[in-house]
Structure formats: C-alpha cells, structure tokens
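# Coordinate analysis (summary)
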Amino acid sequence: MQPPARPGIHNRLTNVFARVALALAALSLLAVPVSAQPTIDYSPIVRNLVENYAVPKSAVLAETFAKLPEAIDAACADPASAEKKAAFANAFRESVDAYVRVAVLRFGALADENRLERLAFIPDARSVVRRQVDRLMAKPDPKATKPEGLREKSVALQGLSALEWVAFSSHGDVVLDGSSEKGAFACGYAGAIAARLTNTAENLKEAYGKGEGQTGLLLSPSPENPLVKTQKEAVEEVFNALLTGLALLRDQVLERVLEQSDPRARAARAPFSRSGNEFVYLAGGLGALGEAIAAGGFVEAAPEDGRWLSGSLSFENKLAVDALNGFSEPLSAVLGDEKARRRLEVIALGTANFRDLMGKQLAGYLELSGGFNALDGD
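To start, this report covers the structure provided alongside it. Since the structure is predicted, the reported quantities are computational estimates derived from the model, not experimental observations.

Rules used throughout
Residues numbered from 1 in each chain as written. Predicted model: local features only at pLDDT ≥ 70, side-chain atom pairs only at ≥ 80, totals over all residues. Heavy atoms only, no water. Helix = DSSP H or I, 4+ residues; strand = E, 2+ residues; numbered from the N terminus. Disulfide = S-S within 2.5 Å. Buried < 20%, exposed > 50% of the residue type's maximum accessible area, 1.4 Å probe, protein only.

The phi angle of most residues is negative, glycine excepted, and most peptide bonds adopt the trans form. A cis amide bond links Ile-122 with the next residue in sequence, Pro-123, at an omega value of 5°. Positionally, Pro-123 belongs in the loop between α5 (115-119) and α6 (128-138). Here Ser-127, not a glycine, exhibits a phi torsion of approximately 55°, which is positive. Relative to the assigned elements, Ser-127 resides in the loop between α5 and α6. Phi angles above zero are rare outside glycine, and Phe-272 is one such case at about 65°. On the secondary structure map, Phe-272 appears in the loop between α12 (263-267) and α13 (278-296).

Working definition: the covalent bond between the sulfur atoms of two cysteines is a disulfide. Going through the model one piece at a time under the given rule, you end up with one disulfide. The partner cysteine of Cys-76 in its disulfide is Cys-187, sulfur to sulfur 2.0 Å. Taking the sign of the S-S torsion, -100° for the link of Cys-76 and Cys-187, the bridge is left-handed. Of the two residues, Cys-76 sits in helix α3 (residues 68-77) while Cys-187 sits in helix α9 (residues 181-210), which places them 111 residues apart along the sequence. As far as the burial class goes, Cys-76 and Cys-187 line up, both buried.

All quantities given are derived from atomic positions and should not be read as evidence of function.
Take a look at the structure:
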C-alpha cells in the first residue's frame, strides 16, 4: 500500500519552490548586462580644459607679461622714483598671478619646447636660478641683454624667477637702476627676460589655440598616437598633470615651509618670496586648480552619485584661497608668529582635503588611474 499523502509537507515544499522562483525572477529583472551600464564620456574633458581654460589664461598671461618691458624701462631710467618702482612691483605681482594660473596645468603646449621652465624655473630646491644669475652678474655677457641671445642660454636664466632675482633685493625692494655700468647690464638683462617671457606666452597661447604639439596629441587619441590611445588615457594624462600642480603647491611649498627651522630660511623656500609674492603664488595656484577642474567638466562627467563633489571641491578650494589671501605680512613673519603659523597649518590641512577629494574621490568616480605626480622623488 502507498503511504498516505502528506499535504502539509507538499504544500510547504511548493511554497519554498515558489518563493525561490520568484526571487530568481526578481534577480533576473534587476540584472543589467555590463554593456548596458552607464559609461563615462571622457571625450569633452580635454577639449573643454583647453578651450575654456588654457587658451584664455594663456592670452591673459601674454597681455600681462607685455606690461613688464615698459615698467622695467621706467624704473631703470628713474631709479629715484618710488612711483615707478611701485609700478614695476605691481606689474611683477600681476605677472606672478597670471603665470601660476597657467603653470598649474603642466600639460600640452606647456610641456613642449621647455615652455614651463622658460616661464619660471620652479621647483628650484638647489637654487639653480640664484647661482646662475649671480654668475652672470659677476661676469656679464652682452648676449643676455638681447632676447635672441638669451634664448640660447639656460632656461633658468630666462624666466620670471630669474627676473625676480635680478630686480629685487633680499628685502623685497626694487633695485633696478640703469645709472651705473653694472646696473645698466642688469636693466638690459631684465628687459630681455621680459621680452622672452612675452614671446613664450604668445607661442603658448597660439599652440593651445591651434592644438599644436602635445596639445594636439591629447585632443586626438588613437591607436597610432604615441602619447595617448584612448580618450580615457588623454583625461588621465591631464588629470595627473593637475595633481602634479597641486603637489607642487602643497607638498613642495606649504609642507616644506612648515618644517622646523629658521623662519627666514623656510620662507625663502617658497617661490617668489624674494619679491613678497609667495601668497600671491599659492593663492593663485590653488584658485586656478579649482577653476581648471570646473572648466574641464570633470565632475559633470562623473556618474550621478559623484556629483556631490562639485560643492565639496569648491568649498575646500575657496576656504584655502580666502585664507591665503588673508595674510598681509611676509611669510617669514607668519612662520615666526605661533598664531599665524597655526593658521597656515590649517590651510595645509585644507589643501590635503582638497587633494583627497580630487586624487581619490574624483579619480575613483571617473575610474582614472590617479595619484601619480611627476614631482615624486624630487
């Protein structure tokens, strides 16, 4: 005889199988093929960054540098005029600001023909500019007073950092004075530097605008391209260049000046501290990075759940820039004052937050191989 049916067990098994079937059906509805997942469109980022940032900022740089020759000539011709010295100091300050807003890019036309180094020899941990300019002043070479002759010399002798060394004293005073033989050579040399700077900036603007050299390679990735094969590789190239610009400002400047040693010696490590423009350089550079990220549309290219980064990046960036602009004393005085120094340490912490948001969070959302910078190991 067959054993009597056990409807309770049968019903329970049926319910279990039904629930499993429903669960599998639900999972099948949720499963989306990999090919159907939203993909990141990298294609507009490099072009946006070039057209919306690199080209206009290079144009401003050329216009700003073009004011230097007249200011130099005026100060050299009338060294007793405080007004003319102040006019040159102001033109130099504007040049530092315009320079760093371009220099943070570190890719494309800047990387061709040593343009980045020709604009300013930074970083300069070994004081190459000081040594080479001092050597030139000790043994004047007439070629250095002509733009074409200066073009053939070391890049360390051609940039804004070289102009600072020859035009300002260690106390930040303008020392351009064409009334003596040595002073006339210094003035001629300063004028040649200004002419070279203007020429380099004009070439930079043209190269970015026409997509020449490395800029063109980044704008047109392909399997045959020697620099980048895909749009993603092109974005990684410019993104890591921006990270390097940030590392220069934070790791190579802020962190180094906050080390324990004599305040004046530490302050001298900051670019353009000789002319009193160290905070102009730092604030301009950090502000420029925020502008460049926005101009490129990096956050807009990220998935929807990464769009929160726009506000966070902007907040951290503005906080640091406003704080840096708030210093009215030279860096050496700030480092020598415990309260002011703590403010600078807070700023350094803020830039670390900005770096993490950019190098970890944004890079993660965009699936970029971030974190590399060309200054590692310097």
